[in-house]
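A closer look at the structure
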Amino acid sequence: MPVSHGDGSVNVVMLGPPGAGKGTQAERLARRRQLPKISTGDILRDAVTAGTELGRIAKATMDAGNLLSDDVMIGIVGERLNRPDATGGFVLDGFPRTVGQATALDHMVDGRGPLVVLDIVVPEEVLVRRLATRRICGQCGVNASVEWTGACQKCGGELIARIDDGVEIVRERLKIYRRQTEPLVDYYSVRPTFRSIDGNQPPDIVTRQVDDALLDACRRSAAL
Ligand SMILES: [Zn+2]
């Protein structure tokens, strides 16, 4: 059931390293609040499929093996946030990644209600353990939930270890994430609408704390 959050829209940014469960929590939050969950991966795929100008730039850049610039990412997310389903709020997953992107996002949501930033925090050793043992379905490719003990619960396929998840690779990914997003957390953490959430707990407990943090942050912002 959707939770009432008073008047106006609520715009949520979910932060968290790979393996923190951010995607799952973003999805649950979006469903409960009846907001679109907007992930940069999905936007890019959509923009490329739709053949927008930005989509074409993105495809050419990625095909050449290069990372997308802040400008391209900002343009693509800006387009998405202006679609009608996002004007009443959204849950962003995977954007912003840099302070430049965060500054641009502030301009995009100007006059559209509070921007609540939820940072899911998990100790590095726990992330390494989670990521290095992550499994996917060998048949449909879906990420296996940690609770799945037998076969894939989507298609019944066999679960296999992800080949790219060696411990050294995992540590490197986490290092890159930290380097990239520490300035972002500094940028947001001074705000009354920023909340850290302990992600080293069962997913349902994290979900409840995400709800509480969001309500609390909205209340704080309404009181300003
Ligand atoms: Zn499957």
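Structure first, text after, so check above.
The paragraphs below set out a description of the structure included in this document. (Residues numbered from 1 in each chain as written. Predicted model: local features only at pLDDT ≥ 70, side-chain atom pairs only at ≥ 80, totals over all residues. Heavy atoms only, no water.)

This paragraph deals with the coordination of the zinc ion. Octahedral metal centres with six donors ideally show angles of 90 or 180 degrees, and tetrahedral centres with four donors ideally show 109.5 degrees. Looking at the zinc ion, the protein donor atoms are C137 (SG), C140 (SG), C152 (SG) and C155 (SG), and they sit 2.3 to 2.4 Å from it. Coordination geometry of the zinc ion: the 4 donor atoms subtend angles of 103 to 114° at the metal centre, consistent with an arrangement described as tetrahedral. The buried category is assigned to C137, whose relative accessible area is 2%. Classification of C140 as partly exposed rests on a relative accessible area of 42%. (Donors = N, O, S within 2.8 Å, 3.2 Å for Na, K, Ca; no water. Tetrahedral: all angles 85-135°; square planar, octahedral: opposite > 155°, others 65-115°. Buried < 20%, exposed > 50% of the residue type's maximum accessible area, 1.4 Å probe, protein only.)

Each neighbour pair has its own omega, and for F95 with P96 the value is -5°, a cis peptide bond. Assignment of secondary structure puts P96 in the loop between β3 (89-93) and α5 (99-108). (Helix = DSSP H or I, 4+ residues; strand = E, 2+ residues; numbered from the N terminus.)

Attention now moves to the packing of aromatic side chains. Each pair of aromatic rings is reported with the distance of its centres and the angle of its planes. Scanning the entire structure with this criterion turns up 1 aromatic pair. Here the aromatic rings of Y187 and Y188 are separated by 5.3 Å at their centres, their planes lie at 70°, and the arrangement is edge-to-face. Relative accessible area serves as the criterion here: at 24%, Y187 is assigned to the partly exposed category. Overall, the relative accessible area of 0% leaves Y188 in the buried class. (Phe/Tyr/Trp six-rings, centres within 6.5 Å; stacked < 30°, edge-to-face > 60°.)

Moving on: the pairing of β3. Successive side chains on a regular strand alternate, one facing one side of the sheet and the next facing the other. The buried count for β3 comes to 5 of 5 residues, which makes it a mostly enclosed element. Of the two faces of β3, both are covered, the one formed by G89, V91 and D93 as well as the one formed by F90 and L92. Two elements, strand β1 (residues 10-15) and β3, share 5 bridges in a ladder whose sense is parallel. Considered in β3, the bridge of V12 is made with V91. (Pairing = 2+ DSSP bridges.)

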